[in-house]
Amino acid sequence: MENIIKLNKDGSLSVPSSPIIPYIPGDGTGPDIWNATRIVLDKAVETAYRNEKKIIFKKILAGEEAYKETGEWLPEETLEQIKKYKVAIKGPLTTPVGHGMRSLNVAIRQELDLFACIRPAKYITGVPSPCNEPEKINMVIFRENSEDLYLGIEWEAGTEDAKEAVTFVNSKILKNLDDKTTGIGIKPISEKNTKRLIRKSIQFAVDNNRKSVTIMHKGNIMKFTEGAFLKWGYEVGENEFKDMIITEQELWDQFDGKVPYGKVVLKDRIADNMFQQVLLRPSEYDVITAPNLNGDYISDLLAAMVGGLGLAPGANIGESCAVFEATHGTAPKYAGLDKVNPGSVILSGAMMLEHLGWHEASDVIHAALQKAILNKQVTYDLARQIPGSIELKCSEFARKICSFMD
């Protein structure tokens with residue numbers, strides 16, 4: 001039992017020197033990416049702590065491998081293992097589009113109540129970017145994971161359930177939706193789930209000396225869902241962080257636009273405007289907190305601005321456990337070719353190390369990855385955009401990163 005991470009009463013973790021951490025290799029290119037990531041994580045921990053700390057990785061099943069071995073895409077045993085060990089890491093998992101099972105990634109988040117999807121977006125020098133000043137991008141997105149459209153409450157056009165729902169909607173809003181050709185979905189947003197997400201995002205900003213938290217919403221149109229998200233967000237800031245939070249109006253009225261030390265500015269932007277803002281004025285935004293679908297869109301946009309999903313880390317964190325993961329798909333046409341960029345899972349692994357409190361090892365990864373990119377020794381996705389670069393295989397890129405840790 002001495003190798004098991006424990007959850008303290010205040011929500012912090014008690015981490016042994018050799019914690020057991022479950023991993024899911026993933027589908028498609030997942031095994032290639034995971035094997036490369038494991039090399040980097042092991043080397044970073046060894047470099048930072050020598051023989052004082054070590055991760056004991058434990059394989060668990062989900063996705064295609066799980067289905068072949070157990071007949072289930074997401075075995076209950078896998079969920080129980082994550083609950084037991086508190087922290088896990090995974091590669092990409094198969095998600096059919098338009099048919100079949102719902103997303104395994106979403107299922108894991110919902111089954112474990114991993115309510116906060118956390119997606120950092122920070123530019124790495126030397127990475128190709130469509131932006132003129134990508135170095136100004138340093139944001140962290142907190143995306144709500146447990147409701148909104150990703151809850152998947154919907155009915156197919158023409159079914160009896162869809163007809164019943166359409167009849168109900170027509171009776172309430174006096175519209176004439178065609179009950180034979182209209183599919184329908186429901187978008188729930190609750191006070192409890194909104195407040196715990198925004199509480200976590202503000203606490204992150206306070207703990208990490210971030211200057212602002214921006215609530216991204218479409219409350220001008222969806223007044224009782226995303227408008228409520230906005231209202232409840234301000235309630236959290238004003239009631240629970242009143243000594244640390246200032247509003248945008250107060251920032252200009254009292255502080256001439258300069259954020260005072262120890263304060264966090266709580267502000268909001270309408271979702272469509274938020275996309276323009278992060279493109280044109282990225283230095284003005286720091287932490288962004290959003291309902292699920294808005295958070296999904298803005299996360300991928302920011303990833304594209306700093307190098308693409310191949311270098312975009314992600315974590316899904318709840319009250320009692322956390323899963324760190326690839327933010328991209330399985331790319332099955334490249335499966336087994338040792339070709340794709342493992343950067344997303346490597347950087348997610350660095351986030352995992354920070355979650356454990358092993359910041360020194362995380363810093364080692366970031367520094368070594370930066371050196372590999374500056375030396376133009378990268379995987380194909382980056383090599384085709386960086387003149388004079390040397391294209392490396394997935395595993396070679398991992399070993400190259402490790403070489404810069406010595």
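Look a little higher up for the structure.
Model, not experiment: these values are computed from the prediction.

K.L.:
Please clarify how the packing of aromatic side chains should be interpreted in this entry.
P.N.:
What characterises a pair of aromatic rings is the spacing of the ring centres plus the angle enclosed by the ring planes. Evaluation of the coordinates by the stated rule reveals seven aromatic pairs. Between tyrosine 49 and tryptophan 358, the aromatic rings sit 5.7 Å apart at their centres with planes inclined by 70 degrees, giving edge-to-face as the arrangement. One end of the pair, tyrosine 49, is in helix 1 (residues 30–49); the other, tryptophan 358, is in the loop between helix 11 (343–356) and helix 12 (359–374), with 309 residues separating them in the sequence. As far as burial versus exposure is concerned, tyrosine 49 and tryptophan 358 are alike and both buried. Site record: aromatic cluster; members linked through ring pairs are Tyr23, Trp34 and Phe57. Its guanidinium or amino end placed over the ring of tyrosine 49, lysine 53 lies 4.4 Å from that ring's centre, counting from NZ or CZ. The positively charged end of lysine 267 is found above the aromatic ring belonging to tyrosine 285, 4.6 Å away from the centroid.

K.L.:
In this structure, what is going on with a negative patch on the surface? I would like to understand it.
P.N.:
A contiguous patch of negative charge on the surface is contributed by Glu72, Glu76, Glu77 and Glu111. Take glutamate 72: its relative accessible area is 42%, and that puts it in the partly exposed class.

K.L.:
So what exactly am I meant to see when it comes to the pattern of salt bridges here?
P.N.:
Two side chains bearing opposite charge may form a pair once their charged atoms approach each other closely. With the rule as written, the count across this model stands at 22 salt bridges. Lysine 83 is the partner of glutamate 80 in a salt bridge, and the nearest nitrogen-oxygen pair spans 3.5 Å. Residue glutamate 80 and its partner lysine 83 are both found in helix 3 (residues 76–85); the two are separated by three residues, about one turn of the helix. Among the residues examined, glutamate 80 registers a relative accessible area of 36% and is labelled partly exposed.

K.L.:
Any chance you could explain a nonpolar patch on the surface here in plain terms?
P.N.:
Together, Leu151, Ile153 and Ile186 make up a nonpolar patch on the protein surface, roughly 200 Å² of accessible area in all. Relative to the assigned elements, isoleucine 186 resides in the loop between strand 9 (184–185) and helix 6 (191–207).

K.L.:
Before we go on, may I ask you to explain the state of the cysteines in this structure?
P.N.:
Throughout the structure, instances matching the rule amount to zero disulfides. Between cysteine 117, a free cysteine, and cysteine 321, which holds the nearest cysteine sulfur, the sulfur-to-sulfur gap is 14 Å. For cysteine 117, a relative accessible area of 2% translates into the label buried.

Parameters at a glance
Residues numbered from 1 in each chain as written. Predicted model: local features only at pLDDT ≥ 70, side-chain atom pairs only at ≥ 80, totals over all residues. Heavy atoms only, no water. Phe/Tyr/Trp six-rings, centres within 6.5 Å; stacked < 30°, edge-to-face > 60°. Helix = DSSP H or I, 4+ residues; strand = E, 2+ residues; numbered from the N terminus. Buried < 20%, exposed > 50% of the residue type's maximum accessible area, 1.4 Å probe, protein only. Lys NZ or Arg CZ within 6 Å of the ring centre and 35° of its normal. Patch = residues over 30% accessible without salt bridge, like charges linked within 9 Å, V, L, I, M, F, W, Y side chains within 5 Å. Areas by Shrake-Rupley, 256 points an atom, 1.4 Å probe, with all protein chains shown as cover. Salt bridge = Lys/Arg side-chain N within 4 Å of Asp/Glu carboxyl O. Lys, Arg positive; Asp, Glu negative; His and termini not counted. Charge placed at Lys NZ, Arg CZ, Asp CG, Glu CD. Disulfide = S-S within 2.5 Å.

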